[in-house]
Amino acid sequence: MKTLSALGYFILLCMFLSFSYLLLAQGQSNSVLTVHVVQRGENLFRIALQYDLFANEVAKANGITDNDSIVVGQRLIIPLIQDVSDEPLTHTALAGETIHSIATAYGKTVDELLSLNGLAKDVEVYVGQRLVIVPGALEADPTPTLVQSVDEESTPSSSQPISAGATNPSRLILGDPNFAFVHTVEAGDTVFDIGMRFNLTVSDIAKGNNLQDPTKIFIGQRLVIPGIEPPRLAQDLPDIVASFTIDPLILEEGRTGRFKVQTTVPVEVSGMFLGQELRIIGSEDNTRHNVMVGIPMFTEQGVYPLRLNLVDEQATSVSIAANLQIIAGGYGYQTISIDNSELLSPAVESEELALLVRVTTPFTEEKYWDASLSLPAAATMNARFGTLRSYNGSAYDRYHHGVDFAGGTGTPVLAAADGVVVLADMLNIRGRTTVIDHGWGLYTAYAHQNSIQVSLGEQVTSGQIIGAIGSTGRSTGPHLHWEVWLNGVNVDPLQWVQQVFP
């Protein structure tokens, strides 16, 4: 990819501003101007795909005759056509952008942009923040919310959430008034259940969605969840950072999240989140970095600080600091009766969990899996991950660590992906158990087996028979109990079946 000269950049910027003013002057209410800043590794086809356009449409809007001639940092006009008579023209902040650079790109002053968005002077924008450039006919005055940012001297080092009441007036970041966290109603959902998941009342959900009758919701309905904030950066991204991605934007207890950092020069990355040192996966000559994190069950809902430290080959160090929100998983409740009360002993459970954490904490540099995980048995799933459980009338202070498959005794147990067997033993609660290391901190565990058909240190392939379903350990009948562990944290296996990581 070519390097854009200062003169070339200036000419393109002038062309863009001239084109923008022409459209506005002509009063073309059905034209929307969106600007995309070319990132490292992108081409015209991939950029057009993001906006549901063809590459030639983007090329034509920018006077491009050679689709391979785009350069990193180039600003491309994205010709989106829609009825915007009542809609504002907005810009979503990208990595490295500031209020000043955004205002300049659209031919506005900083004061104009601040006034349009109700922002204070010297405000810091964060990646993904949506700014109004031209207000629509129905655009109301924005009322942004103040949220505490990560402070250099007072950043919590533990896994405690940032207090919503504690503020630092010199380091406040304005929330995006256009952000909305949406829950899609699934089979069996009620407004009460949805409210319980997000620590809200039925009234909160009804009011936030103008529901006249909260008992009448339907599958597929999208409900706004009030009070959920997007992630926010504590400062502009360093110059060497081409992009910084948080996926998903809102993290959930018991599930996996991913951070991606793309840099313009090779760097070494380290970081902390939830009081734990992050495992960084570097590639492309250390210019691309993936981080996968498991959010432990029972993590208190709140906002938590993430900090990444980047060191280049000249030993220059820069950092990325962000606040990320974690919400409850909404897993439900279950009551179970067990005859052998000795296996309900907290000491027995703690000892077995400590063993599994030790086994699943080592980080193997080699990655064995290719895409998503495969299901470990051809049997009906009858229990999901995360359900809070009461045993023999106890409190709901334990949870289901995996997914259960109700197969008959002797039904084959299959490896969910390629890997190496790191445990094949009889445990007190999980009975005959196999644990497979898939590399990059990912492990799967197969419990209550009738028999184990692999040995310690053996290499296995996806779909290989590694055992047979049984009812050993703390079990009420034949089934396979399947777990996923990421860097020593127990997470939802079905997320790894339904999504591709990293």
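Keep in mind that what you see is a predicted model, and the values were worked out from it rather than measured.

Enquirer: How should the side chain of Arg258 be read in this particular structure?
Expert: Looking at the element boundaries, Arg258 is found in strand E12 (residues 256-263). A residue is classified by how much of its surface remains accessible, and Arg258, at 13% relative accessible area, is buried. Within the structure, the side chain of Arg258 is placed 2.7 Å from the side chain of Asp247, a separation counted as a polar contact. Apart from the residues within four sequence positions on either side, Arg258 is in contact with Thr245, Ile246, Asp247, Asn290, Val291, Val500, Phe501 and Pro502.

Enquirer: Help me out: how do you make sense of a nonpolar patch on the surface in this one?
Expert: A surface patch of nonpolar side chains, amounting to about 470 Å² of accessible area, comprises Phe192, Met196, Tyr333 and Tyr396. By secondary structure assignment, the location of Met196 is in helix H6 (residues 191-197). Overall, the relative accessible area of 45% leaves Met196 in the partly exposed class.

Enquirer: How should the packing of aromatic side chains be read in this particular structure?
Expert: The geometry of an aromatic ring pair comes down to the distance between the two centres and the angle between the two planes. One pass over the full model with this rule turns up nine aromatic pairs. Between Phe259 and Phe273, the aromatic rings sit 5.8 Å apart at their centres with planes inclined by 85 degrees, giving edge-to-face as the arrangement. With Phe259 in strand E12 and Phe273 in strand E13 (residues 267-273), this pair connects stretches of sequence that are 14 residues apart. Note on accessibility: Phe259 and Phe273 belong to one class, buried. Judged by centre distance (5.8 Å) and plane angle (75 degrees), the rings of Trp369 and Trp496 are edge-to-face. Pair noted here: Trp369 is in the loop between helix H8 (346-360) and strand E20 (381-383) and Trp496 is in helix H9 (residues 493-498), with a separation of 127 residues, a long-range link. Neither Trp369 nor Trp496 differs from the other in exposure class; each is buried. Site record: aromatic cluster; members linked through ring pairs are Phe298, Tyr331, Phe385 and Tyr399. Lying over the aromatic face of Tyr391, Arg474 brings its terminal NZ or CZ to 4.6 Å of the ring centre.

Cut-offs used in this document
- Residues numbered from 1 in each chain as written.
- Predicted model: local features only at pLDDT ≥ 70, side-chain atom pairs only at ≥ 80, totals over all residues.
- Heavy atoms only, no water.
- Helix = DSSP H or I, 4+ residues; strand = E, 2+ residues; numbered from the N terminus.
- Buried < 20%, exposed > 50% of the residue type's maximum accessible area, 1.4 Å probe, protein only.
- Polar contact = N/O pair within 3.5 Å; in protein donor to acceptor, adjacent residues only side chain to side chain.
- Contact = heavy atoms within 4.5 Å.
- Patch = residues over 30% accessible without salt bridge, like charges linked within 9 Å, V, L, I, M, F, W, Y side chains within 5 Å.
- Areas by Shrake-Rupley, 256 points an atom, 1.4 Å probe, with all protein chains shown as cover.
- Salt bridge = Lys/Arg side-chain N within 4 Å of Asp/Glu carboxyl O.
- Phe/Tyr/Trp six-rings, centres within 6.5 Å; stacked < 30°, edge-to-face > 60°.
- Lys NZ or Arg CZ within 6 Å of the ring centre and 35° of its normal.

Remember, this is a structural readout, not a statement about activity or role.
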